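Structural overview for review
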Amino acid sequence: MSGELLLGFPLAILAGGAVLAYLIARLFRASGDVLAVFVAVTLAAAIVPLIGIRAGPDARSGWVLLSVGSVLLLGDPGALVVGSIALGLGSIVSLYSSRYVVDPDRVKLYYPLLVLLVAGLLGMVLAGDLFSLYLFCELMSLSAYALVAFQRGQGTAIEAGFKYLIAGSLGTALLLFGISFVYRAGGSLLLVSRPAELAQDPWARAGIACIWVGLGVKSALVPLHTWLPDAHGRAPSSVSAMLSGVVVPSAFYALLKVGVGLSFPVGKLGGLLVGLSLLNMTLGNLMALVQSEVKRLLAYSTIAQVGYMMFAVGIGLRYGAPDAIQAGFYLLLAHAAMKGLAFLCTGLRSSDARVAAWRGTARQLPLVAAALAISLGGLAGIPPSAGFVGKWLILIRSLRQAELWALVTTFVFLLNGLISLGYYLPLIGAAFRPAGSTHEAAARPSAWIGVPLVALGGLVLAIGIHPAPWLGWMSGVGPALLAWGH
Amino acid sequence: MQTFELATILAAPVMAAVLLALLRGRARRYAGWIAACAALLSMIGILLLLPALQRGEAPVLGMPWIPTAGITFGLRLDWLALPFVVTEAGVTLIAVLYSWGYHHVDERSHLYYALLMLFAAGMAGTTLADSMFLFYIFWELMLVASCVLIALWGEGERVGAVALKYFLFTHFGSIMVLAALVLIYGQAGSDSFAVLRAGVRLSPALTSALIVLFILGFSVKMAVFPLHLWLPDAHTVAPMSVTIMLAAAMLSMGTYGIVRFPFSAFTLEQVAPFGRAMMVGGLVSAIYGALMSLAEQDVKRIIAYSSVSQMGYVLFGLGTLTEDGMVGSTLHVIFHAIVKALLFMCVGLVVRATGRRLIGELGGLGRSMPLAAVCSGVGVLAIAGVPPLALFDSEWMIFAAGFQSAHVWLGALMVLASLLTVAYALWFWVRIFFAARPDGLVLRQVSMGMIAPTVGLAFLTLVEGVLPGPLFAWAQHELPLLLGGIW
């Protein structure tokens, strides 16, 4: 089958899946378990066509274009990788949700929203023109707002969702604004084969700036990150896993795609990313250091981790190094698995969100404690985890540059790794410390919870110990992005 | 067959750790046995490879790991690694045996021994690794395993804080090492140590930066003043068998790092500008450690600070950049491991028997614990450099190297500094065993499991002091591999 049609399949599967999930819940009063399995299978099925698309040997021939009406889909290697990661994590989170989101009246909304979230995300990264990018970005965002406020009865869920809504809407409004500017400049919204001189046009420049700020809100670029700790900290843990694990990094990929797609000079783009990444990792890590609530801590850690990805990709774009970009995407994959796992773990200790409340987890819930240690150890970059492999791959590239700027930024990057230990280690330590006076009996997690945890934990270990196939999968990303900008 | 034996050195502790983790509570009673068998296997693996080394071969094991990034999985045993891997394996075996008596069997015993084995595997892997990526992984495994041991089995109020400090501080050193490794890797394009053996040719500025990064980074692990701040707390809080492994084996890894990286990759001319700084650093550390030992009250801290002092000797010896300095430092690492393990075991006996740790509350134990008194006596006399005990030979060579170097006055100061060592060592011994016995000191029975390895080590200290020949020959084999092979 030709590649173009394959590109349309995942979105079609997801659209059908969302509707079917709602209908099944409504008409057959199906239980949460049935819906969870159905959604998990739907999301997993959507990966198959994405994997089936083979990139050609030449970077440009790696693109697959499909236009449906006014929507243009562009399957570049990076989008395929990010999309597959999102589908995979979504599938696992869906299984986990079967025992996590249990309110029978609400599950019929939860699963369709989850599918729509992933569909919007997938459409956004696959978008080949700015119009479809906006469309899918809104779909993703709306589902995300609703999911953040999903446990509306609990504490500040509504407030967090509302805050997210305001910040996110500002972002999408700016995005739309920027798109109109870009259209005025060139009369085209395509992200491919734009003449390079177009980027010189002042309208186009203003447009790119607006789009960047708009998508910057979604991808939590410091200082546009303020909504994130509230949203990720208050959302149901399964939703936090999706938001932190894939939604934020995929918005970053959309930002990257717009940058190179609108012919912004690649070298400058890289320099800008490196500069912004320093803000992200430093602020994210320092703020995480002073958090006492586990989920907020993990949320700030996401800001820092996105900073690491930006750093890697920025170095790659600035110095024309595809392997650094590859390292950034490897980190994206690793982060999705690790952060997803960490948030899924927090869902099993929801009665108290403080770090100290994790004491005694190793005795009561050994599986959860082990999963938490694996994921946090990976996020902290302790060898032989995936986080460490990513760090090593980035360092190889960044330290090879003779430029002072590269060395200074690399130093900041290394220092940040050290700072981050200051909050990951006490959390791991708390989980393995004996419980204090308040002894809380925890229910043994069922297989519905255990299987996703083991699967993600195994994935984290596999990515770290045997990185070769994963890196091979992403080998096309760097050359494609670099070729795109020229 | 060599690859099999090479793999055994590393695989035995790893498999033991996996086995213990899988057996969980069922292995509780046999956990110590399983660990000891693994440690013994590891040791046998090394000894079986000795003939090959004597024939001038270097057993290797290599396979690709992450081909796209040029990363390989390589193990190799050469003369440079041998003294350190032997030290590590020997100390592990002794620490496990000592644990039989020291560690109370409880529902987490299997985890305790599994982590000890991982700690050992980390150290064995560090010495055997033949590629930089792998080296760093084991280097950090060593840190992670020991940190978990301290955090979960440590004694005292501030265990969590001490473990965190230990991790952050030594990880800071690791980052410097990592940066240096990646720099070399980036220039050479291969992470195999073959690059180092061939000699790395880089710009002078980069070479100097690398040497500084390596020496500073590894000095953190060696706990040389002023990078020692993690050591006294970590060694005091850790359970005794872990302290033995930390003090006797893990400190050696810092020395191994310096010998393996800057000293093997660069030539004498390139390293020479840093020789004096190393000598001064070593001297200051020797004096500082000895003074702190004199000032401390906690018996475990006294011996811990003595490590800071002794590692100062080693760094001083390396810094002389002479033949005697290299051999002396290597021998000093091995002998220090034996003597330091012995002293910590004696401290363990005293603490277990009396339940007290402040030296002011101890005294007059010589009559009631004659064996401990004799063993401690051997230990303190050795650390004071009294012939014919183990450390005398290596100290002699380090002093001699100091006088052969360009900075004779530093050598002279070093000899004077050793007087302080005599002072704290003898004070420690006399105060505990021969001073007036304080009131209310009640002695408890100490298990044979703790006494037997202590006596064994005291005997070994004597033997090594009288017959240093074989070890001396081992250490000399490493000379052609160092500093561009000038010797």
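The rules behind these values
- The written sequence of each chain sets the order in which its residues are numbered from 1.
- Chain labels run from A onward and ligand labels from 1 onward, assigned in the order the entries are written.
- Thresholds applied to this predicted model are a pLDDT of at least 70 for local features of residues and 80 or more for the giving and counting of side-chain atom pairs; totals over whole chains, interfaces and linings are not thresholded and use all residues.
- Comment: elements are numbered from the N terminus, with helices defined as DSSP H or I runs of at least four residues and strands as E runs of at least two.
- Restricting the calculation to C-alpha atoms gives the radius of gyration, and the globule rule supplies 2.2 Å times the number of residues raised to the power 0.38.
- Counting other C-beta atoms within 10 Å of a residue's C-beta gives its exposure: the residue is buried at 20 or more, exposed at 12 or fewer, and partly exposed in between, where C-beta atoms are placed from the backbone.
- In this description, a residue-residue contact is defined by the distance between C-beta atoms placed from the backbone, which must lie within 7 Å.
- Helix span, as expected, comes to 1.5 Å for every residue beyond the first.
- Axis geometry follows a simple rule: fit a line to the C-alpha atoms, using only the stretch in contact for helices, then measure angles between N-to-C directions, giving values from 0 to 180 degrees.
- The scheme is simple: roughly parallel for angles under 35 degrees, roughly antiparallel for over 145, roughly perpendicular for 65 to 115, oblique for anything else.
- By convention, the crossing between two helices is left-handed when the near helix turns anticlockwise from the far helix through less than a right angle, and right-handed when the turn is clockwise.
- Put simply, Ala, Val, Leu, Ile, Met, Phe, Trp, Tyr, Cys and Pro go in the nonpolar bin, Asp, Glu, Lys and Arg in the charged bin, and everything else, Gly too, in the polar bin.
- Consider a residue and the seven residues that end there alongside the seven that start there; fitting an axis to each set, the bend is the angle between those axes.
- The predictor rates its confidence in each residue with pLDDT, a number between 0 and 100.

**Section: the overall build of chain A**
Within chain A one finds 19 helices and two strands. Whereas a compact globule of 486 residues would reach a radius of gyration of roughly 23 Å, chain A reaches 21 Å, a difference of no more than 12%. Buried positions account for 62% of the 486 residues belonging to chain A. Counted over contacts in chain A with a minimum sequence separation of 6, partners at least 24 positions apart contribute 79%.

**Thoughts on helix α14 (residues 366-379) of chain A**
Residue and element names in this part refer to chain A. The first and last C-alpha atoms of α14 sit 20 Å apart over 14 residues, in line with the 20 Å expected at 1.5 Å per residue. Burial within α14 is extensive, with 11 of its 14 residues counted as buried. Among the residues making up α14, those that are buried are V368, A369, A371, L372, A373, I374, S375, L376, G377, G378 and L379. Where α14 ends, the next residue or the one after it, G381, has phi of about 75°, a positive value.

**A look at the environment of P49 of chain A**
Residue and element names in this part refer to chain A. Looking at the secondary structure, you find P49 in helix α2 (residues 32-52). Classification of P49 as buried rests on a count of 21 C-beta atoms within 10 Å. Sequence-wise, P49 and L5 are 44 residues apart; in three dimensions their C-alpha atoms are separated by 9.1 Å. In this view, P49 contacts L6, F9 and P10; residues no more than four positions away in its chain are not counted.

**Observations concerning the packing of helix α11 (residues 294-318) of chain A against helix α16 (residues 404-432) of chain A**
Residues and elements named next belong to chain A. Packing of α11 against α16 leaves a shortest axis separation of 12 Å and a crossing angle of 160°. Judged by the inter-axis angle, α11 sits roughly antiparallel to α16. As for the relative orientation of α11 and α16, their crossing is left-handed in sense. Mapping the contact onto sequence places V294, L297, A304 and F311 in α11 and F413, N416, S420, Y423 and L427 in α16. Residues of the contact of α11 with α16, tallied by class, amount to seven nonpolar, two polar and no charged.

**A few points about helix α9 (residues 237-261) of chain A**
Look at α9 of chain A: 35 Å from first C-alpha to last across 25 residues, which is about the 36 Å you get at 1.5 Å a residue. In α9 of chain A, a bend of some 35° at L243 of chain A exceeds every other bend along the element.

**Focus: the interface of chain B and chain A**
Of the residues lining the interface, 25 residues belong to chain B; the matching set on chain A comes to 23 residues. Among the elements that make up the side of chain B that touches chain A, the one with the highest residue count is helix α6 (residues 159-188) of chain B (13 residues). Of the residues that constitute the side of chain B that touches chain A, the class distribution is 20 nonpolar, four polar and one charged.

**Quick look at the packing of helix α14 (residues 299-319) of chain B against helix α18 (residues 408-433) of chain B**
All names here are of chain B. Between α14 and α18, the shortest axis-to-axis distance is 12 Å and the interhelical angle comes to 160°. Accordingly, the angle class assigned to the pair α14 and α18 is roughly antiparallel. Our pair here, α14 against α18, has a crossing hand that is left-handed. Residues I302, S306, S309 and F316 of α14 pack against M414, T421, Y424 and F428 of α18. Here the residues of the contact of α14 with α18 are counted per class, giving five nonpolar, three polar and no charged.

**Remarks on the environment of L115 of chain B**
All names here are of chain B. For L115, the position within the fold is in helix α4 (residues 109-128). What makes L115 buried here is the crowd of 24 C-beta atoms within 10 Å. Remark: the alpha-carbon pair of L115 and S203, spanning 88 residues in sequence, is separated by 42 Å. Aside from chain neighbours lying at most four places away, what touches L115 is A145, V148 and L149.

**Describing unusual backbone geometry**
The omega angle of the peptide bond from P383 of chain A to P384 of chain A is 0°, so this bond is cis rather than trans. Counting through the fold element by element, P384 of chain A comes out in the loop between α14 and α15 (386-398). Its identity is not glycine, yet A223 of chain B carries a phi of approximately 65°, on the positive side. With respect to the helices and strands, the residue A223 of chain B is situated in the loop between α8 (204-222) and α9 (230-237). Taking the C-beta count within 10 Å as the criterion, A223 of chain B has 31 such neighbours and is therefore assigned buried. With a phi close to 55°, L321 of chain B is a non-glycine residue in the positive phi region.

**Brief notes about the confidence of the model for chain B**
Confidence in the prediction for chain B averages 87 pLDDT; 100% of positions are at 70 or higher. ipTM for the predicted complex: 0.80, alongside a pTM of 0.88.

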